[in-house]
Amino acid sequence: MLILSIRRVTMAADGFQFAFTPEVETSTAPLWEKVKQHVTPMEWRQQAPLIAEINRLKRAKNAVILAHNYMTPEIFHGVGDYVGDSLGLAKEAARSDAAVIIQAGVHFMAETSKILSPEKRVLIPDLRAGCSLASSITGADVRLIKQRYPGLPVVTYVNTSAEVKAETDICCTSANAVQVVEEAARLWGVDRVILIPDEFLARNVARQTDIKIIAWQGRCEVHERFNAADILELRAAYPDAEILAHPECPTDVIEASDFTGSTAAMTDYVARRRPKRVVMITECSMASNVAADSPETQFIGPCNLCPHMKRITLENIYETLIHDRYEVTVDPAIADRARLAVQRMIDLPPPTVPARYDLVKARHHVNVELI
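What you see is a predicted model; the values in this text were computed from it and never measured. (Residues numbered from 1 in each chain as written. Predicted model: local features only at pLDDT ≥ 70, side-chain atom pairs only at ≥ 80, totals over all residues. Heavy atoms only, no water.)

## Describing the overall build of the chain
Counting secondary structure elements, the chain contains 17 helices and 15 strands. The globule rule puts the C-alpha radius of gyration for 371 residues at 21 Å, and the 21 Å found for the chain is close to it. In terms of overall dimensions, the chain has a C-alpha envelope of 65 × 55 × 30 Å along the principal axes. Across the chain, contacts joining residues at least 24 apart in sequence account for 65% of those joining residues at least 6 apart. When the accessible surface of the chain is summed, it comes to about 15,600 Å², and 52% of that surface belongs to carbon and sulfur atoms. When the 41 positive and 47 negative side-chain charges of the chain are each reduced to one mean point, those points stand 1 Å apart. (Helix = DSSP H or I, 4+ residues; strand = E, 2+ residues; numbered from the N terminus. Rg over C-alpha atoms; globule rule 2.2 N^0.38 Å. Contact = heavy atoms within 4.5 Å. Areas by Shrake-Rupley, 256 points an atom, 1.4 Å probe, with all protein chains shown as cover. Lys, Arg positive; Asp, Glu negative; His and termini not counted. Charge placed at Lys NZ, Arg CZ, Asp CG, Glu CD.)

What follows is the structure, given as structure tokens:
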């Protein structure tokens, strides 16, 4: 590795200086090999000393970092102990022997980690790291929904606050939403299920099952910005590219894509098929992180940035470790009820492979009832 031209110094917010020394260069060399297609040498000279110090502090403080798929590559590959989707991270945290969990993600993810690991301290580097989808619904909203539709099970996406999960019968992820909806209908003996809060996920699930769906008008600000015209432009410019979409995207995007699945399913798709070119219709950093493990595949835009995820940086992860801040807590009474909804989902038999959406079924229009 030949990127050490001068002795660069990175200044942390607390005034501590980190130099890009030969020792730092050597210790971070394997990480540089992973990210060098997505991080410039100039950036790496600034990032590597922080990465080395963060990894040292983790060991000293018995802490682990949960890095979501939407984290930038230097966080995802550089300091993440567990990487993946929000529920997968929380489950890994519960299995870990670490005393401290640092959530490199958004607030609802930190709450989920606390729900599944109540005995551990959960820290988030920036309290402003929220989520448009999670903020679209409250626990009070769910209570009113249950009054309006008595006797129907409430299936709630994990991308929600603890208070919303506490009002829920069972949670789901984008990977298992169809399975959970059908299981909830079976257990409750009904043919209608409430699926909240993501409207587009609900519409896409409705096209995969005979169970009728009642939906809420929440949306992810990253995925709702994509449209079918984007896909047509990509097809024209890159006719050999395979287009993968997240099920939080609008239904016309799903119809125009080659594959639809969760972040885990998209990652699995690229790893197994090794396409020559691929487009990921999701958050920008997802493609960069998958690309680091799939150098033979060319990743084409577009993508949209999540401004909430991007509040998490190496600098504030370091500050969190140094100052032991900001702790995320959940009222024990709320956590106990929310844990029941999450555990019901966890107890379902896992799919043998990450679930994908059947695009033939998806082309058949199915109405949902919007609350």
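## Describing the pairing of strand S7 (residues 154–157)
With burial as the criterion, each face of S7 is covered, one bearing Val154 and Thr156 and the other bearing Val155 and Tyr157. In terms of strand pairing, S7 meets strand S9 (residues 192–196) through three bridges, oriented parallel. From the neighbouring strand, valine 155 faces S9, where its bridge partner is leucine 195. Bridge count for S7 against strand S8 (residues 170–172) is three bridges, and the pairing is parallel. Within S8, the residue paired with valine 155 across the bridge is isoleucine 170. (Buried < 20%, exposed > 50% of the residue type's maximum accessible area, 1.4 Å probe, protein only. Pairing = 2+ DSSP bridges.)

## Section: the confidence of the model for the chain
The predicted model of the chain has a mean per-residue pLDDT of 91, with 94% of residues at 70 or higher. This model gives residues 1–8 a pLDDT under 50, and the stretch forms 21 contacts once residues within four places in sequence are excluded. (pLDDT = per-residue confidence, 0-100.)

## A word on helix H13 (residues 263–273)
For H13, the set of buried residues is Thr263, Ala265, Met266, Tyr269 and Val270. All buried residues of H13 lie within an arc of 165° about the axis, which places them on one face of the element. For H13, the elements touching its buried residues are strand S11 (242–245), strand S12 (259–260), strand S13 (277–281), helix H14 (284–292) and strand S14 (298–300). (Arc of directions from axis to C-beta.)

## A short note on the sheet that holds strand S3 (residues 63–68)
Strand order in this open sheet of four strands is S4-S3-S5-S6, and the pairing throughout is parallel. Strand pairing shows two members of the sheet lacking a second neighbour, strand S4 (82–84) and strand S6 (121–123), which therefore form its edges. When strand polarity is set aside, the average angle formed by the axes of neighbouring strands in this sheet is 20°. In this structure, S3 lies alongside S4, joined through three bridges in parallel fashion. Within the sheet, the bridge partner assigned to alanine 67 lies in S4 and is valine 83. Along the sheet, helix H15 (residues 314–323) makes contact with S3, strand S5 (100–104) and S6, crossing S5 at roughly 160°. (Axes fitted to C-alpha atoms, helices over the stretch in contact; angles between N-to-C directions.)

## Quick notes on unusual backbone geometry
Cis peptide bonds are those with omega within 30 degrees of zero, and the linkage from isoleucine 196 to proline 197 qualifies with 0°. The linkage connecting arginine 325 with the following residue, tyrosine 326, adopts the cis geometry, with an omega of -20°. In this fold, tyrosine 326 is placed in the loop between H15 and helix H16 (332–346).

## Description of the state of the cysteines
This model, assessed by the stated rule, comprises one disulfide. The disulfide bridge from cysteine 284 ends at cysteine 303, spanning 1.9 Å between sulfur atoms. An S-S torsion of about 95° defines the bridge between cysteine 284 and cysteine 303 as right-handed. With cysteine 284 in helix H14 and cysteine 303 in the loop between S14 and H15, the pair connects residues that are 19 residues apart, well separated along the chain. Cysteine 131 takes part in no disulfide bond, and the closest cysteine sulfur, belonging to cysteine 220, lies 6.4 Å away. Free of any disulfide, cysteine 306 has its nearest neighbouring cysteine sulfur in cysteine 220, separated by 6.6 Å. (Disulfide = S-S within 2.5 Å.)

## Notes on the pattern of salt bridges
Applying the stated criterion across every chain, the model contains 26 salt bridges. Note that arginine 121 is salt-bridged to glutamate 327, the shortest N-O span being 3.0 Å. Of this pair, arginine 121 sits in strand S6 while glutamate 327 is found in the loop between H15 and H16, placing the two residues 206 residues apart along the sequence. Note on arginine 121: relative accessible area 26%, which makes it partly exposed. Put simply, Arg143, Lys146, Glu167 and Arg337 are held in one network by salt bridges that share partners. (Salt bridge = Lys/Arg side-chain N within 4 Å of Asp/Glu carboxyl O.)

## What about the pairing of S9?
Counted residue by residue, S9 has four buried out of five residues, so it is predominantly covered. Alignment of S9 against strand S10 (residues 212–215), held across four bridges, turns out to be parallel. Paired with valine 193 across the bridge in S10 is isoleucine 213. For the crossover that starts at S9, traverses helix H10 (residues 199–206) and ends in the parallel S10, the hand is right-handed. (Right-handed = clockwise from strand over helix to strand, strands pointing away.)

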